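Observations on the model geometry
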Amino acid sequence: MATTYYKSCHINKNMTAIDTMKSRFDYGNNPQKTKNGELVVSYMCDAETAYAEFALSKAKYKAITGREQKKEHDVLYYHKRQSFLPNEIDNYKALEIGYQTAMSWTKGKHAFFVVSHADRPH
């Protein structure tokens, strides 16, 4: 049975929005954790450049609507993490479940990427 952690992510202190996203996305895409990127899948974006693509989407939204959140309330992205018991499923099944969950959640209307980390037993 998986445990699930979900949160909205905001700008890190003393960082820009794009630097915050790049830092966190780079951690997720870490080749040492993802079998050199083998355990990374994306939808409507490239996982390697998703931080810039997401920032561009936010800028387009602002330009079209004129709406902008205050820095302290601005959601940059949503982070959902699932952990499974050791040996419950393999990393590839976890990646598939993550992709299906993200597709269901976004209804195929928004970009996302999913990673499975293989450096821990959970």
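So, how was this worked out
- Residues numbered from 1 in each chain as written.
- Predicted model: local features only at pLDDT ≥ 70, side-chain atom pairs only at ≥ 80, totals over all residues.
- Heavy atoms only, no water.
- Salt bridge = Lys/Arg side-chain N within 4 Å of Asp/Glu carboxyl O.
- Helix = DSSP H or I, 4+ residues; strand = E, 2+ residues; numbered from the N terminus.
- Axes fitted to C-alpha atoms, helices over the stretch in contact; angles between N-to-C directions.
- Left-handed = near helix turned anticlockwise from the far one by under 90°.
- Contact = heavy atoms within 4.5 Å.
- Nonpolar A, V, L, I, M, F, W, Y, C, P; charged D, E, K, R; others polar.
- Expected span 1.5 Å × (residues − 1).
- Buried < 20%, exposed > 50% of the residue type's maximum accessible area, 1.4 Å probe, protein only.
- Arc of directions from axis to C-beta.
- Polar contact = N/O pair within 3.5 Å; in protein donor to acceptor, adjacent residues only side chain to side chain.

Side note on the pattern of salt bridges
Applying the stated rule across the entire model yields 5 salt bridges. Residues Asp74 and Lys58 are paired through a salt bridge, measuring 2.9 Å at the closest nitrogen-oxygen approach. Of this pair, Asp74 sits in the loop between helix H2 (50-65) and strand S3 (77-83) while Lys58 sits in helix H2, placing them 16 residues apart in sequence.

Describing the packing of helix H1 (residues 17-28) against H2
Between H1 and H2, whose axes approach to 8 Å, the crossing angle comes to 145 degrees. The two elements H1 and H2 cross, and the hand of that crossing is right-handed. Touching Ile18, Met21, Lys22 and Phe25 of H1 are Ala50, Tyr51, Ala52, Phe54 and Ala55, all from H2. For the contact of H1 with H2, a count of residues per class yields 8 nonpolar, no polar and 1 charged.

Some points on helix H3 (residues 91-106)
A rise of 1.5 Å per residue sets the reference length of H3, with its 16 residues, at 22 Å; its end C-alpha atoms lie 22 Å apart and thus fit the reference within 8%. Buried within H3 we find Ala94, Leu95, Gly98, Ala102 and Thr106. Buried residues in H3, looked at end-on, bunch into an arc of 100 degrees, giving them a common side. Summarising the contacts, the buried residues of H3 are in contact with strand S2 (40-43), S3 and strand S4 (112-115). For H3, the N-terminal capping position is held by Asp90, with its side-chain oxygen 3.1 Å away from the main-chain nitrogen of Tyr92. One or two positions beyond H3, positive phi appears at Lys107, with a value near 55 degrees.

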